[in-house]
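# Observations on the model geometry
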Amino acid sequence: MLMKQKKMLLLTLSQLRQTYFQELPEITAIALASPTNEDFKADLSTYLDKFSATDEKTEEAREQIRTLLHYDGQEIHELSTGQKLLVKTISLLHQFLSGTLENTEMPTDLFIELFQVFRRLKGATTPPLSHQRIKSLSERWPDGLNKEVKEIRAENKERMIHLLIQKIENRKSKSSGRFRFEEGISYEEKYRLVNEWWNESRFHLSMAVKSPTELNRFLGNTLSTETMYLLHQARKKGMPFFATPYYLSLLNISKEGYDDETIRSYILYSPRLVETYGHIHAWEKEDVVEAGKPNAAGWLLPEGHNIHRRYPEVAILIPDTMGRACGGLCASCQRMYDFQSERLNFEFDTLRPKETWDHKLRRLMTYFEEDTQLRDILITGGDALMSQNKTLRNLLNAVYRMAVRKQKANLQRPEGEKFAEIQRVRLGSRLLAYLPMRINDELVEILKEFKEKASAIGVRQFIIQTHFQTPLEITPEAEEAIRKILSAGWIITNQLVYTVSASRRGHTARLREALNKLGVMCYYTFSVKGFNENYTVFTPNSRSIQEQQEEKKYGRMTTEQAEELCHLLSENQDEPNSKRSDVATRVKQFMKKHRLPFLATDRNVLNLPAIGKSMTFRLIGLTPEGKRILRFDHDRTRRHSPIIDRMGKIYIVENKSLAAYLRQLSKMGEDIEDYASIWNYTKGETEPRFHLYEYPDFPFQSTERMSNLVL
């Protein structure tokens, strides 16, 4: 009988070595009979030659061991850190089994993983969980529309209203600003006003919690001494902190009720993040831009830090407005580097558009207009919807005028030399989760107006790209915000960051289900970037593949079903406002018709530094700490900068071992036997994109020449 995972994770090196002797006697015998590491590798290779592969799983294990043998003793270049790394996985195993290991204090994690690799050679694989087990694990995650969750949130709001009254009364400048009390009004009137203001996004931004002491007060003084010390250390280092009363009301401060860890890990910083802050490097290497020089993906960009680019067809625009701020700072933010350098911040007064912004915006639009391949603009930040309505209208009007100019210029170009025209406009925003009351009627009118006139010149896709991290964020307020945006004819897609708490069994499946029922399509499930600052929240990529293969598969559609769904969503975008139907109802009917619990329209990927998203990888080694060394390939289903053909092989070291990850889950109360098949996933393949996310064909032949590119 196989040893339980929980027990194996607690073994000492000596106990683990004894387990090898008992369970893998052939491997230990080879190690003891091999005088050197090279002898061990040669003898192990011979052993594999003699081994008779009886099934696909056994052959996969043999192929994996051969890969580990091939890379042992090689030096690789780790892309995320730029450092050289000597791979010595099998050599360390030989030393461990032969009793010659120099570091007797080294972690067991490397040898736990190798034990799992070699036991698969004998056909011992852990089967995936049953559909019924997956379903039951998914059902434990309530959404924000759940009755119990709403009751706890109502209690939180009640407590916070009294704290907000105190905060307004104690402000130094009581006469300025909209959210203030007139002299002499009663407490009941103050309560009524704050309760009314609660529904306004500006109120929450102006009342946002920015200090550890205030945060603890708003959370009923429930934070531990250790957490408070850590938050004070973060503040001393200049780390920004920003959480609105609305978002804090989603937390459950009682010992009973729902699990809020996925939200909590976004608000509260980890020791490793605080320790590293000030020395964080940009994971997206293409975000490091020097004037006049191409970025890491080979693209020349305008001066400043407004445009980020990785692919030929799309570029990100970060405006010099309040769009450089957010509705809160996510602890795992991929742009923590930019907050550290203060290019992104929460100083709203300094982020209001300057007179020079309109001039700069015209220059930035010229970049899109004169580029041969750009057809997709993603306006983000920060957060695109943090910009005020007037600013956002001006920004979208500038995009519209640019698209018109680009189209007119094409009339003078012959077939085969025409530039790509703007087909897709996206706004990146987490405010649907952080501050859904931001989606007011005026904003909806701006979105409708822009869609109507941009559609007339050939723009086909209008997308709000949002980020719900947990079903708990799907509150009645968020539901209303989603309804309003869909009524404007824009599609809403969701990106999830696959943190440890979000990676718990069934959590992602439940989030997809809750979002789909409201008409939101899932777009990406992102692995956390693996630098040191994100150690606490990083989930190994093998868990992402396990989720893809064992949980997401229940929402997969046939080709015919996927085409039907694309038609349903595209048809709604093409309808004029007066004839547009309820997207949520149509999506729910589609799911019911095809008996799908959710729609697996997202791709599980890691954002590789400088070269885009991929989940095509192979395990080629392990560090002495047991962290996986993965060799990645590009996503061959989409176009890249030609620079990828010059980069050679891509190696990434994950920032924690599988064993460390499983220990984290165990501390969170998870039964880690539910994750036992995770060791089987030593390779991955990038999923094809859902057809809705593909670019439409042009009605002309465009040029293949790439501009603004220097290799």
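Please refer to the structure higher up on the page.
Heads up: these notes are all about the structure in this document. Everything numeric in this text was worked out from a predicted model, so none of it was measured.

A few words now on the pattern of salt bridges. Proximity of charged atoms lets side chains of opposite charge pair with each other. Applying the stated criterion across every chain, the model contains 46 salt bridges. In this structure, the salt-bridge partner of Lys41 is Glu38, at a minimum N-O distance of 3.0 Å. Separated by three residues within a single helix, Lys41 and Glu38 lie in helix 4 (residues 37-50), roughly one turn from each other. The class of Lys41 is buried, set by a relative accessible area of 10%. By relative accessible area, which is 52% here, Glu38 ends up exposed.

Two elements in contact, helix 9 (residues 147-170) and helix 10 (residues 187-197), have axes whose closest approach is 10 Å; the angle formed by their N-to-C orientations is 110 degrees. By the angle between their axes, helix 9 is roughly perpendicular relative to helix 10. Across the interface between the two elements, Lys157, Glu158, Ile161, His162, Leu164, Ile165, Ile168 and Glu169 from helix 9 touch Tyr187, Lys190, Tyr191, Val194, Asn195 and Trp197 from helix 10.

Okay, the side chain of His634 next. By secondary structure assignment, the location of His634 is in the loop between strand 13 (627-633) and strand 14 (650-657). For His634, the side chain forms a polar contact with the main-chain oxygen of Ile644, separated by 3.5 Å. Discounting chain neighbours no more than four positions away, the residues touching His634 are Ile611, Ser614, His640, Ile644 and Ile650.

Applying the stated criterion to the full structure yields 20 aromatic pairs. Judged by centre distance (5.8 Å) and plane angle (70 degrees), the rings of Phe690 and Tyr693 are edge-to-face. Under the relative-accessibility criterion, Phe690 is labelled buried at 9%. An aromatic cluster is defined as three or more aromatic residues linked by ring pairs; in this entry it consists of Tyr523, Tyr524, Phe526, Phe690 and Tyr693. One residue, Arg272, lies across the ring of Tyr535, its end atom 4.2 Å from the ring centre. When the ring centre of Phe526 is taken as reference, the NZ or CZ atom of Lys529 above it lies at 5.8 Å.

Cis geometry marks the peptide bond from Gly381 to Gly382, where omega comes out at 20 degrees. Counting through the fold element by element, Gly382 comes out in the loop between strand 5 (376-379) and helix 19 (389-410). Not every positive phi belongs to a glycine, and Asn221 is a case in point at roughly 55 degrees. One non-glycine residue, Asn708, lies in positive phi territory at about 55 degrees.

The next thing to look at is the nonpolar core. Core analysis: the biggest nonpolar cluster contains 151 residues, and Leu248, Tyr269, Leu427 and Trp490 have the highest contact counts within it. Counting residues in hydrophobic clusters, the runner-up holds 61 residues, among them Ile65, Leu114, Leu121 and Phe617.

Viewed as axis vectors pointing N to C, helix 3 (residues 25-33) and helix 6 (residues 89-98) meet at an angle of 90 degrees, and their least axial separation amounts to 9 Å. One element, helix 3, and the other, helix 6, form an angle in the roughly perpendicular class. When helix 3 is examined against helix 6, the residues Ile27, Thr28, Ala31 and Leu32 are found in contact with a partner set consisting of His94, Leu97 and Ser98. Split into classes, the residues belonging to the contact of helix 3 with helix 6 amount to four nonpolar, three polar and no charged.

The topology assignment puts Gly381 in the loop between strand 5 and helix 19. Residue classification places Gly381 among the buried residues on the basis of a relative accessible area of 2%. Residues Gly381 and Leu16, 365 residues apart in the sequence, show an inter-C-alpha distance of 49 Å. Excluding residues within four positions of it along the chain, Gly381 makes contact with Ile318, Gly323, Arg335 and Leu344.

Consecutive residues of a regular strand have side chains that alternate between opposite faces of the sheet. Where burial is concerned, most of strand 7 (residues 461-466) is hidden: six out of the six residues are buried. The alternating pattern of strand 7 places Gln461, Ile463 and Gln465 and Phe462, Ile464 and Thr466 on opposite faces, both of which are buried. In the sheet, strand 6 (residues 424-428) pairs with strand 7 via five bridges, with the strands oriented parallel. Counted as the bridge partner of Gly428 is Gln465 from strand 7. Pairing of strand 7 with strand 8 (residues 491-498), which is carried by four bridges, proceeds in the parallel orientation. Bridge pairing in strand 8 places Ile463 opposite Ile491.

Our next topic: the pairing of strand 10 (residues 603-608). Summarising burial for strand 10: six of the six residues are buried, a large majority. Burial along strand 10 is two-sided: Arg603, Val605 and Asn607 facing one way and Asn604, Leu606 and Leu608 facing the other are all buried. As paired strands, strand 9 (residues 521-527) and strand 10 are joined by three bridges and run parallel to one another. Within the sheet, the bridge partner assigned to Phe526 lies in strand 10 and is Val605. For strand 10 and strand 11 (residues 612-614), the ladder comprises three bridges, and the chain directions are antiparallel. If you follow Leu606 over to strand 11, its bridge partner there is Ser614.

Scoring rules and cut-offs
Residues numbered from 1 in each chain as written. Predicted model: local features only at pLDDT ≥ 70, side-chain atom pairs only at ≥ 80, totals over all residues. Heavy atoms only, no water. Salt bridge = Lys/Arg side-chain N within 4 Å of Asp/Glu carboxyl O. Helix = DSSP H or I, 4+ residues; strand = E, 2+ residues; numbered from the N terminus. Buried < 20%, exposed > 50% of the residue type's maximum accessible area, 1.4 Å probe, protein only. Axes fitted to C-alpha atoms, helices over the stretch in contact; angles between N-to-C directions. Parallel < 35°, antiparallel > 145°, perpendicular 65-115°, else oblique. Contact = heavy atoms within 4.5 Å. Polar contact = N/O pair within 3.5 Å; in protein donor to acceptor, adjacent residues only side chain to side chain. Phe/Tyr/Trp six-rings, centres within 6.5 Å; stacked < 30°, edge-to-face > 60°. Lys NZ or Arg CZ within 6 Å of the ring centre and 35° of its normal. Core = buried A, V, L, I, M, F, W, Y, C linked by side-chain atoms within 4.5 Å. Nonpolar A, V, L, I, M, F, W, Y, C, P; charged D, E, K, R; others polar. Pairing = 2+ DSSP bridges.

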